[in-house]
Amino acid sequence: MGYFNSNPKRFIVEAAEAAIIPNEIQRIADGSIGAYPDCNVDRRTLQMLVVIVRKYGSVQISDLSRRCANDGSATCQSNPSSYHCVPAGNVNAVDITYVGGARTRGNDTASSNLLSFLDSFLPSGSRAGQISGGAGKGGVSCGNYAMPSLANFSRFADDCNHQHVDLGASTGQLRVSGAEQPAYVEPSIVNVRSNGTVWAKTGLNTNWVQLRTDTDSIQVATSLGSNQPLFGALSSSGMLRTKAGLNGNWLDQSPGVQSFAMASYSDSGVAIAAVMSDGTLKAKEGFQGNWVTLQQGVREVAVAIDPTNGVNVIALFNDGTVWQKTGLNSNWITAFFPGTAKHVAVASDPATGPTFGVVDGNGTAFGKTGVNANWINLAPATTQMAIASDATNGPTVVAVTTGGELRAKTGLNANWISLDTGVTSAGVASNPHAGPTVVANKAGTLRAKTGLNSNWVDVDTTTLSASTSN
């Protein structure tokens with residue numbers, strides 16, 4: 001059986017279900033699950049287990065899906081109508097035997113409390129084993145415990161030694177806030193290699209997947225709500241294209257683009273901002289959304305989005321002034337930046353709000369959290385600056401100095417940590433569960449690490465530029 005524990009969050013299996021880890025969980029984690037479709041587990045089920053751990057401290061399960069890794073006896077071949085085998089292609093069932101150390105048999109206090117909790121955030125169309133009145137599978141009595149009324153669940157008779165839960169044929173997401181939404185996607189990395197090809201991977205130790213052959217710059221943003229990387233690629237001819245997932249189809253967004261920025265957070269979808277070749281700044285929410293013209297005379301743009309604060313845009317104009325706005329249809333406000341600028345950045349999360357970064361004409365990096373906050377002098381001699389933010393850790397800033405030193409800090413008032421030397425460019429991403437992931441281009445070798453004090457992993461040796469996102 002499996003066991004999730006919150007300190008540390010981990011999954012342990014006994015011998016009978018040992019196949020769950022290599023066949024299901026590991027293949028989801030390393031991105032190889034696409035080659036084993038029968039082994040896939042609906043990520044909403046994994047998200048649900050993490051939410052349970054956060055409330056109860058631990059959860060123990062006796063079955064997770066079944067088509068690929070089963071409980072050692074029941075299989076989909078022998079029982080294809082099992083709730084663990086249907087709906088085919090969207091298997092999302094789990095049998096829960098303990099929550100927080102309390103036994104769950106389907107008709108007891110622990111099961112009643114668990115189902116009431118799950119009913120508060122699981123999508124309509126979910127299903128639970130055991131019905132009120134004590135009737136179990138095959139007419140076997142399971143006691144006469146009164147189970148709660150549930151708005152989003154139907155019930156069926158089941159064995160009285162576990163609490164079965166599944167999402168049925170529902171397609172809705174878990175109704176949890178951005179700060180609570182579990183993130184099961186590993187950090188995604190994209191890079192442009194020296195031969196002009198574009199590659200991506202999800203997870204530092206996974207294999208690269210080639211995306212394109214005609215791209216000058218590439219960005220990735222990961223929607224924690226959809227649990228997949230979202231890619232943006234700008235070709236040498238100025239065509240901006242996007243796609244969702246490593247195996248998704250590319251969508252033409254706009255020709256005539258000079259540069260672009262892209263961001264996503266939780267279930268907020270995606271925000272895209274593009275500087276056109278004539279200096280016109282346009283932006284949109286969602287790959288299928290309509291472009292909104294924001295301003296003229298723009299040289300660089302950065303964009304952030306989260307479900308609480310919406311879209312935040314910071315733009316660097318041709319005269320070196322910096323403007324910012326919250327919402328695509330709002331008015332611009334002057335960022336009151338002290339002097340002319342040459343680089344801008346922004347990140348946002350539901351708890352902290354937007355954090356803005358600017359590098360001025362002298363190479364001094366400044367930052368502020370909040371639209372109306374005062375700028376904080378972060379570091380001199382800065383050639384590049386990047387920001388990421390999440391609801392647990394707040395903003396993380398990375399900066400490359402004129403001498404090639406890569407430094408980082410979590411929190412604008414924290415001390416800098418020296419990460420590497422000889423770096424030409426760097427990026428950062430962050431999520432509430434893993435914290436910051438940093439990528440660095442060191443003379444063509446792309447390095448990455450999750451956690452500022454962890455060891456670097458060399459992930460490529462032919463890199464021109466790269467981006468990362470959680």
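Computed from a predicted model, the values in this text were never measured in an experiment.

This paragraph deals with helix α2 (residues 43–56). Over its 14 residues, α2 runs 20 Å from end to end, which matches the ideal 20 Å to within 8%, given 1.5 Å per residue. Those residues of α2 lying buried are Arg44, Thr45, Leu46, Gln47, Met48, Leu49, Val50, Val51, Ile52 and Val53. Looking at the residues trailing α2, positive phi occurs at Gly57, about 95°.

For the rest of this paragraph, the subject is the pairing of strand β33 (residues 435–442). Where a strand is regular, its side chains alternate between the two sheet faces. The buried fraction of β33 amounts to seven of the eight residues, a majority that puts the element mostly inside the structure. In this structure, strand β32 (residues 425–431) lies alongside β33, joined through seven bridges in antiparallel fashion. Bridging from a neighbouring strand, Ser430 pairs with Pro436 of β33. With six bridges connecting them, β33 and strand β34 (residues 445–450) associate as antiparallel partners. Each bridged residue has a counterpart across the sheet, and for Val439 the counterpart in β34 is Ala448. Between β33 and β34, which pair antiparallel one after the other, the connecting turn spans two residues, and Ala443 there sits at a positive phi close to 55°.

Moving on to the sheet that holds β32. Strand order across the open sheet formed by four strands is β32-β33-β34-β35, with antiparallel pairing between neighbours. Looking at the sheet topology across the chains shown, the edges are occupied by β32 and β35 (457–460). The average undirected angle you get between the axes of adjacent strands in this sheet is 25°.

A separate point is the environment of Thr462. Within the fold, Thr462 resides in the loop between β35 and β36 (463–469). Spatially, the C-alpha atoms of Thr462 and Asn441 are 9.6 Å apart, while their sequence positions differ by 21 residues. With residues up to four places along the chain from it excluded, the contact list for Thr462 reads Val192, Arg193, Ser194 and Gly444.

Quick look at helix α3 (residues 109–119) now. Given 3.6 residues per helical turn, the α-helix brings residues three or four places apart onto the same face. In terms of burial, α3 is a largely internal element, eight of the eleven residues being buried. Turning to α3, its buried residues number three or more, namely Ala110, Ser111, Ser112, Leu114, Leu115, Phe117, Leu118 and Asp119. Those residues of α3 that are buried are in contact with α2, β4 (94–99), β5 (102–103), β6 (126–129), β7 (153–156) and β8 (163–166).

Along strand β14 (residues 240–244), four of the five residues are buried, which leaves the element largely enclosed by surrounding structure. Inspection of the sheet shows strand β13 (residues 228–235) paired to β14 by five bridges, in the antiparallel sense. Bridging across to β14, Phe231 finds its partner in Lys243. The antiparallel pairing of β13 with β14 creates a hairpin that spans four residues between the two strands, and Gly238 there sits at a positive phi of about 95°. The pairing of β14 with strand β15 (residues 251–254) spans three bridges and is classified as antiparallel. Bridging from a neighbouring strand, Thr242 pairs with Leu251 of β15.

Bringing unusual backbone geometry into the picture now. The phi torsion at Ala381 lies on the positive side, around 50°, for a residue other than glycine. Structurally, the position occupied by Ala381 is in the loop between β27 (376–379) and β28 (382–390). Residue Ala381 is classed as partly exposed on the basis of its relative accessible area of 31%. Unlike most non-glycine residues, Ala443 shows phi in positive territory, near 55°. Relative to the helices and strands, Ala443 resides in the loop between β33 and β34.

This paragraph deals with the side chain of Ser170. Its location among the elements puts Ser170 in the loop between β8 and β9 (188–193). A relative accessible area of 8% means that Ser170 is categorised as buried. A polar contact is formed between the side chain of Ser170 and the backbone oxygen of Leu167, at a distance of 2.7 Å. In contact with Ser170, other than residues within four places in its own chain, are Arg44, Asn90, Pro123 and Ser124.

Okay, the environment of Phe117 next. Its location among the elements puts Phe117 in helix α3. Sequence-wise, Phe117 and Ile52 are 65 residues apart; in three dimensions their C-alpha atoms are separated by 8.6 Å.

Below, the discussion takes up the sheet that holds strand β11 (residues 209–212). Across the sheet, four strands lie side by side as β11-β10-β9-β36; this open sheet has antiparallel pairing. Edge positions in the sheet fall to β11 and β36, since each has one partner strand and no second. With direction set aside, neighbouring strand axes in the sheet form an average angle of 25°. Pairing of β9 with β36 involves six bridges; the strand directions are antiparallel. Counterpart to Ile189 in the pairing with β36 is Thr468.

When two helices pack together, their arrangement is given by the angle between the helix axes and by the axis-to-axis distance. α3 packs onto α2 with a crossing angle of 120° between their chain directions and a minimal axis gap of 11 Å. Taken together, the axes of α2 and α3 lie oblique to each other. Where α2 crosses over α3, the two elements pack in a sense that is right-handed. In this structure, α2 uses Met48, Val51, Ile52, Lys55 and Tyr56 to contact α3, whose residues at the interface are Asn113, Leu114, Phe117 and Leu118. Residue composition of the contact of α2 with α3, grouped by class: seven nonpolar, one polar and one charged.

Once that is clear, we can look at the environment of Ser154. Note that Ser154 resides in strand β7. Each residue touching Ser154, except ones within four places of it in the same chain, is listed here: Ser126, Arg127 and Ala128.

Bringing the nonpolar core into the picture now. Nonpolar side chains in soluble globular proteins tend to be buried together. Grouped together as the largest cluster of nonpolar side chains are 28 residues, with contacts concentrated most on Met48, Ile52, Ile96, Leu118, Phe121, Leu122 and Val165. Taken together, the elements giving at least two residues each to this core come down to α2, β3 (58–64), β4 and α3. When residues no more than four places from it in sequence are discounted, the contact partners of Ile96 are Ile52, Val59, Gln60, Ile61, Thr104, Leu114, His162, Gln163 and Val165. Ala263, Ala283, Leu294 and Phe317 belong to the second largest nonpolar core, which has 18 residues in total.

So, how was this worked out
- Residues numbered from 1 in each chain as written.
- Predicted model: local features only at pLDDT ≥ 70, side-chain atom pairs only at ≥ 80, totals over all residues.
- Heavy atoms only, no water.
- Helix = DSSP H or I, 4+ residues; strand = E, 2+ residues; numbered from the N terminus.
- Expected span 1.5 Å × (residues − 1).
- Buried < 20%, exposed > 50% of the residue type's maximum accessible area, 1.4 Å probe, protein only.
- Pairing = 2+ DSSP bridges.
- Axes fitted to C-alpha atoms, helices over the stretch in contact; angles between N-to-C directions.
- Contact = heavy atoms within 4.5 Å.
- Polar contact = N/O pair within 3.5 Å; in protein donor to acceptor, adjacent residues only side chain to side chain.
- Parallel < 35°, antiparallel > 145°, perpendicular 65-115°, else oblique.
- Left-handed = near helix turned anticlockwise from the far one by under 90°.
- Nonpolar A, V, L, I, M, F, W, Y, C, P; charged D, E, K, R; others polar.
- Core = buried A, V, L, I, M, F, W, Y, C linked by side-chain atoms within 4.5 Å.

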